[in-house]
Amino acid sequence: MKKIGVFLAFAPEQSLKNQGIGRLLAFILKSLSNQGELEVVIACPAWYKPYIKELFNDNNLSLNKIKLITTNCVPVPFKLKRFLFSLSRKKNNQEKSNKKEKGSVFKKKLAQLLGFLMSYWLTFFIFVIVSSLLFPFFLIGAIPFLFLKKLRLYSHCYRLYIALKQIFNMPLSYFKHSEFAQTAYLQLRKIELEKLVKKINRKKDISIWFVPTLFWPEIEKIKVKKIVAFPDMVFFDYPTHFLVYPYDNIYNTIAKTVSVADHFICYSENVKQSHLQKGFNVSAEAISVIAHGTNELGDYLAKKESPEPKMDDIHETAIEIVKNFQQKHLRDNHYLFNYDFSSMRYIFYSSQVRPYKNILALVKATEVLLRKRFLNVKLILTCDFSESPKLRNYIIENRLQYDVLSLHNVPSKVLAALNHLAICAVNPTLFEGGFPFTFSEAYSVGTPSIMSDIPVTREVITDENLRTAMLFDPYNLDDMIDKIAWGIENRDKLYEMQKPLYDKLKERTWDKVASEYIQVFEDVASNGSK
Amino acid sequence: MKDNFVNVKRNKKIGVFLPIHYRGGTLNAAKNIAKMLYLGSRNAGEPVDVVFSYVDGYYDIQEDFGDLLELGIGLRSTIWEIISEEQLEIFKIFTKTESPADFSLSPKSYILPIDGISNFNDCDFWLMISDRTFSPLAPVKDYGMIIYDYIQRYIPGIFDPGYYEAGFIDSARNAKFVLTTTPGTYNDITGYAGVSQHKTYLMPFEFNPFYRNPQRVALQDNYFIWTTNLTHHKNHLKAIDALEIYYGELDGTFKVVVTGCGTHMLEESCTDDIGDYPNGVRQKIAGTFFAKKHLKFLGNLSLQLYVDFLAAAKFLWHPTIYDNGTYCVIEAAYYGVPSVSSNYPQMKFIDELFKLNMVFFDSHNSREMAMQLKNMEQNFISHRQKLPDKAYLEQFTYKKIASEFWSLFRSLM
């Protein structure tokens, strides 16, 4: 049986569960493992094992068809943090629920005791005498405390305790902008990945390793051929967005990975020519363009007993999914917890915050659609606003936080439900490495899309009428507003117009994509590249 | 005698609440709701008693509520008291009820109307006029709500950016039903406040003429009337820009008579501190070259004087950005005065419903606004001829639609 290795060196706590790359990886792995004569072996640091399981569960994949190679154990600092974090989480939850109750019960008991003591003369006098005798000892005990308080040692110790507690409670991603933390982590990672690579090199029966991102130059030491996925190099197109730390380091890391890879897979001709060939001087023969398959979400909304679900049933399921999500995960959200989602009219964009995703423009467009064109429409985003202070400040300063909503880290079935319930999906990105997933994600659950007119969408959408209806100039706010308004007011018509496009994209199944990946793996294994 | 006591039948009693000391249009609307319940229920042979709650300390009973008393509607002066979660728990123990309410987060406090009698516990149902409850209404009685607008969705300056009107929204979401008068506000109730569309309804839109005969006014010049106040959403800044263009570039000849609460303080000569936004408006007016020479500020007029100036105007100008629509365009039509208005859904609805044939402009576009003013200046006579007659407008009075309103209310109560 042929074996293919997949190298995953994501950082601890870097969950792929609700990310585009996670879904892409899941599709590829699923299809690869469905190829009868092929065995997939995943190599990852031990700290990432739980997240592999999480990714597989979220995408209904079975781990039975995959073999795992990991380092022997999780490094001590991460183990300790995980342990202390889980402790403090448990304690906080219990504290919150019991604190108030304990406090009031204690007060009640104390009051009852005092009442009892005061009610009998004898017990009253005994209480007074004992209190008087104990009072000097209390004074003696209080002196060091007061002294410490005077020296402010007490408050310093307390502050240190609080700081340590906060650190243990913080996710590791909070440290990503700290140069000190990053340097320490990279050194640790280097050592762990060297151990992993040694294990990989002992597996003589695997002749090809697939590396799905550009951030692990440690693959240099893998002795067999390495095929690296090259989604894009957006720094070339939008350099001014990335002039701060850590992007310079990221670029260097990517450049190093490119220099040690044997072959590349990218998702569009545009990236092949502009980024790899022109940007990194990679020869055309070392690059294969394999477009994505479609990302379908329909299965999440279909009832098991109904193979051909009706739109009403899908709608009901979607509402149910969102209601459950509200009950479980939005309990702390004042506004959304008991908002009736079935009444909400919104446009939807599923994306992380990245400088080139053009999210702020979309927010401004929504503001105009709502407040000047009176279209009664909200915007739901799946990004976390806290990752972009500029975005967050704009939303708050213009009091848009009740019409521009962030629902981030949602599981796939909630994503499916949100796509279905939207009036239309909008993708305003300035750049993508391949045709955006958002189109098929939305269409597969009954929702049309409006998208930006960029090279990768033009590559796929060739019909002029369709381009006119669904594509807008992402640099032109008025054009974006007009197209979205048209999409909102002509939802059914737009959906009908987009059917041929969706049918064309649907022909490209992930099994087809996987077979193209395998073909590339086989070609490189036999011929090599570079 | 025992049998008589047991068999005494009492009418159902409905409490109608105005939780804020409104005056003007909202006060009139609230009183008309009470009247429609009273009259409509009697028209249907199902008389209900109506009790009207008003905020203590702001009204003159005879002047402000004499019409309600005359009809037979009870009045109760009310203080809105804050109660805690613990107090609500005690209420639940007494009444053996579970709270039907579903609050976003467990509120720390609720509000309750206190009338010094039974605290409206003698009512079978409550009807809140407006959602302005700064804490959620305590879920001690089934209640409905009438909501007129969510202007804050469109005019961010109305509230502080970080302020969340939890009380307003929770009260609306926990009402048994929510009524409103326009489709635009219906969309805001379901879209912004997140109230289920299954319990949100459009109610009949009532209009009551003043029934006053206009007298001659001292002003000789041709003028149009601008009925406004000092709030953000009235769009003064764009309106003033429009006036500069109207007079400076388009040779506008009509004066502008400005009426409404507080508007006399927009005169340059007034030095009172009237708040950041109105101070800014006054400053802008003072800085104009043309507009200030043509603006006449009359402030809040008595009803008769308002009718006099309204009827003598060549047209009425309504440059507001957004609200639930304004009665003043209908009042103007009643006196044969056409209107030119900002184009937003609620005004389009009023235009269609009352057949006013208004002229519209984009409230964000000063130039377009100015051009429509010029259009009205040149064509007000032909626009006047397109107005509906008084008989048509009188079919919307509260007396005429009371039965329709009662029928809707009864089905929901």
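See the structure shown above.
What counts, and where the lines are drawn
Residues numbered from 1 in each chain as written. Chains lettered and ligands numbered in written order. Predicted model: local features only at pLDDT ≥ 70, side-chain atom pairs only at ≥ 80, totals over all residues. Heavy atoms only, no water. Contact = heavy atoms within 4.5 Å. Salt bridge = Lys/Arg side-chain N within 4 Å of Asp/Glu carboxyl O. Polar contact = N/O pair within 3.5 Å; in protein donor to acceptor, adjacent residues only side chain to side chain. Helix = DSSP H or I, 4+ residues; strand = E, 2+ residues; numbered from the N terminus. Axes fitted to C-alpha atoms, helices over the stretch in contact; angles between N-to-C directions. Nonpolar A, V, L, I, M, F, W, Y, C, P; charged D, E, K, R; others polar. Pairing = 2+ DSSP bridges. Phe/Tyr/Trp six-rings, centres within 6.5 Å; stacked < 30°, edge-to-face > 60°. Lys NZ or Arg CZ within 6 Å of the ring centre and 35° of its normal.

Draft legend 1. Examining the interface of chain B and chain A more closely. Opposite the 36 residues of chain B that make contact, chain A presents 25 residues. Linking chain B with chain A are 2 salt bridges. Taking the shortest distance from any N to any O, the salt bridge between Arg153(B) and Asp403(A) comes out at 2.8 Å. Taken together, chain B and chain A are joined by 16 residue pairs in polar contact (both at pLDDT 80 or more). Listing elements by their share of the side of chain B that touches chain A, those giving two or more residues are α5 (166–173) and α6 (183–191) of chain B.

Draft legend 2. Layout of the packing of α6(B) against helix α12 (residues 345–354) of chain B. Residues and elements named next belong to chain B. Where α6 contacts α12, the axes come no closer than 7 Å and their chain directions differ by 145 degrees. Residue-level inspection shows Pro 183, Gly 184, Thr 185 and Asp 188 of α6 in contact with α12, the latter providing Pro 345, Gln 346 and Phe 349. Considered class by class, the residues forming the contact of α6 with α12 number 3 nonpolar, 3 polar and 1 charged.

Draft legend 3. Representation of the sheet that holds strand β4 (residues 109–114) of chain B within the structure. All names here are of chain B. An order of β4-β3-β2-β1-β5-β6-β7-β8 is seen for the 8 strands of this open sheet, with the pairing classed as mixed. The outermost strands of the open sheet, each flanked by one partner alone, are β4 and β8 (200–202). Put simply, the sheet's adjacent strands are angled 30 degrees from each other on average, direction ignored. Inspection of the sheet shows strand β6 (residues 143–146) paired to strand β7 (residues 177–180) by 3 bridges, in the parallel sense. Paired with Ile 146 across the bridge in β7 is Leu 179.

Draft legend 4. Quick peek at the packing of aromatic side chains. Under the criterion given, the structure shown has 66 aromatic pairs over all chains. On the numbers, 6.1 Å between centres and 15 degrees between planes, the contact of Tyr251(A) with Phe280(A) is stacked. Of the two residues, Tyr251(A) sits in helix α8 (residues 247–260) while Phe280(A) sits in helix α9 (residues 269–280), which places them 29 residues apart along the sequence. Seen from their ring centres, Tyr402(A) and Tyr164(B) are 5.0 Å apart, and the 35 degrees between their planes marks the pair as tilted. Highlighted residues: Tyr402(A) in the loop between α13 (389–397) and β10 (404–406) and Tyr164(B) in the loop between β6 and α5, drawn from two different chains. Connected via pairs of aromatic rings, a cluster forms that spans Phe205(B), Phe207(B), Tyr211(B), Tyr327(B), Tyr334(B), Tyr335(B), Phe349(B), Phe354(B), Tyr392(B) and Phe396(B). Taking NZ or CZ as reference, Arg42(B) lies 3.6 Å from the ring centre of Tyr38(B), over its face. Of note, Lys390(B) hangs over the ring of Tyr334(B), and the distance from its end group to the ring centre comes to 4.9 Å.

Without other data, these values stay purely geometric and don't point to any function.
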